[in-house]
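Chain by chain, the residues:
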Protein chains: 2
Amino acid sequence: MPRQRSDQVKTAKAPVGRPPRMPAPRATILDAAAKLFAAHGFEGASLNDVAQAVGVTKAAVYHYFPTKKDIFDEMMVDLLERQYVAVGTEVNLAESPPEKLKAFMRAQAEFLEANHAAFVVMLHGFGGIEKNHWTEQQLALRDRYEQLLRTLLADGKASGAFAVDDVATAARAVLSLMNWMVRWFRPDGKTRAADFALQYYKLIVSGLRPRS
Amino acid sequence: MPRQRSDQVKTAKAPVGRPPRMPAPRATILDAAAKLFAAHGFEGASLNDVAQAVGVTKAAVYHYFPTKKDIFDEMMVDLLERQYVAVGTEVNLAESPPEKLKAFMRAQAEFLEANHAAFVVMLHGFGGIEKNHWTEQQLALRDRYEQLLRTLLADGKASGAFAVDDVATAARAVLSLMNWMVRWFRPDGKTRAADFALQYYKLIVSGLRPRS
């Protein structure tokens, strides 16, 4: 897991003096940075802001993450890896394609809610669309996750459980519903993300046209 | 229409000298700013960048828009007003609720494609979610547009054309599908936005579960 890579950054840019004593320093820094980047955008929060939020010096943050982009990169890899495990486990436990789709949508919503700040950073951390922030590793992890969804939809199509013209379009539709949640879902609201996801599941499975 | 408000800004902060000669200056500035904000984010592009893109001095831009936020505000009001007219007209021309929903999704996709940069600015112009960029006027225009969709869904529910548990959730789902298009749709790609919208329409109306 990326949060255990702390040895790797010591060589090139070692800071002066000893690192500060923090329990789980990398996770602490990532959590604080996620909240700041989610609120103000990646470019609206500095390494200094992160240090202040954690209660250490900028040099202390620098000891673990030489650049702000290093924080972002580790945050994304960590998020995408944990999402794949969390959602994939639920999908694997479900038996039929419809149950797997329901499990996918519910588990992703729960994961979004439990990791709200980092999710906002992933999907809404930057203004504009020109810069390519994503590393090859992150893109591969994102594609692996989408493939999980495409596979269960394709299995449902093959078994006759789903009537799908185009699996890629259906997968994109499901992910659009889930991803746009970062723009309106409030973790402090009275409805859980998983409940919204189940409403979406029912809608996308049943369709708007009445069934006679 | 907001692009005709140019007289209003002359009083408070009139620049020195005469304004530069530009045909349709406000529209020219808004178009250039939309492209810059879409690419780099609102905070990643300056008034100076806008002036350079138009080929005039910063003072010339300042003559029409005292602040960068004024550019954003007029861009959003203009976009939301035109969207309501463009999409609303198509919805009104359609006869049944399913035809109206199809018209809504197709027309919104066409409008997105024709106004891609400003749409990206509206939905993805800022990093982070804390700042409230939206004026009361813009929020009212946004709500009026969503109401257009809710009304046609509610009409379809009342007439029996749609099986909808919750109109607000269904409207949110449709808007999620359409809004997330700013994150992956490419105007220079080989498929038109309206074609993607029609695929989504078919999916959301028919549902994934086969109809016997």
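Here the structure is shown first, and the text comes after it.
Not measured: the values here are computed from a predicted model.

I tried to follow the relation of the copies chain B and chain A on my own but got confused; where do I start?
Note on the chain copies: they are related by a rotation about an axis and a translation along it. For the match of chain B to chain A, the screw axis carries a shift of 0.0 Å, the RMSD comes to 0.0 Å, and the turn is 180 degrees. Such values leave the two copies arranged in the relation of a two-fold axis. Comparing contact sets, 100% of the residues at the interface of chain B also lie at the interface in chain A, consistent with an isologous, same-surface contact.

Looking at this model, I keep getting lost on the environment of Ala 60 of chain B. Mind explaining?
All names here are of chain B. As for its position among the elements, Ala 60 is in helix H3 (residues 58-64). Note on Ala 60: relative accessible area 5%, which makes it buried. C-alpha separation for the pair Ala 60 and Ile 71, spaced 11 residues apart in sequence, amounts to 13 Å.

So what exactly am I meant to see when it comes to unusual backbone geometry here?
Trans peptide bonds make up the majority, and among non-glycine residues the majority have a negative phi. Even without a glycine there, the phi angle at Ala 24 of chain A is positive, about 45 degrees. With respect to the helices and strands, Ala 24 of chain A occurs in the segment before helix H1 (25-40).

Could you clarify how one ought to interpret empty space enclosed by the protein in this entry?
Where empty space is left becomes clear once a probe the size of a water molecule has been rolled over the atoms. In total, this model carries 3 cavities of 30 Å³ or more according to the counting rule given. In this structure, the largest cavity spans a volume of roughly 60 Å³. Forming the walls of the largest cavity are Glu 43, Phe 126, Gly 127, Gly 128, Ile 129, Glu 130, Lys 131 and His 133 of chain A together with Ala 39 and His 40 of chain B. Looking at the lining of the largest cavity, its residues break down into 3 nonpolar, 4 polar and 3 charged. Contributions of two or more residues to the lining of the second largest cavity are made by helix H6 (116-124) of chain A together with helix H6 (116-124) of chain B.

Rules behind the numbers
Residues numbered from 1 in each chain as written. Chains lettered and ligands numbered in written order. Predicted model: local features only at pLDDT ≥ 70, side-chain atom pairs only at ≥ 80, totals over all residues. Heavy atoms only, no water. Least-squares fit on C-alpha atoms with pLDDT ≥ 70 in both. Contact = heavy atoms within 4.5 Å. Helix = DSSP H or I, 4+ residues; strand = E, 2+ residues; numbered from the N terminus. Buried < 20%, exposed > 50% of the residue type's maximum accessible area, 1.4 Å probe, protein only. 1 Å grid on protein atoms, 1.4 Å probe; cavity = no way out; pocket = protein on both sides within 12 Å on 5 of 7 lines; lining within 4 Å. Points joined across faces, edges and corners; volume = space filled by probe spheres on them. Nonpolar A, V, L, I, M, F, W, Y, C, P; charged D, E, K, R; others polar.

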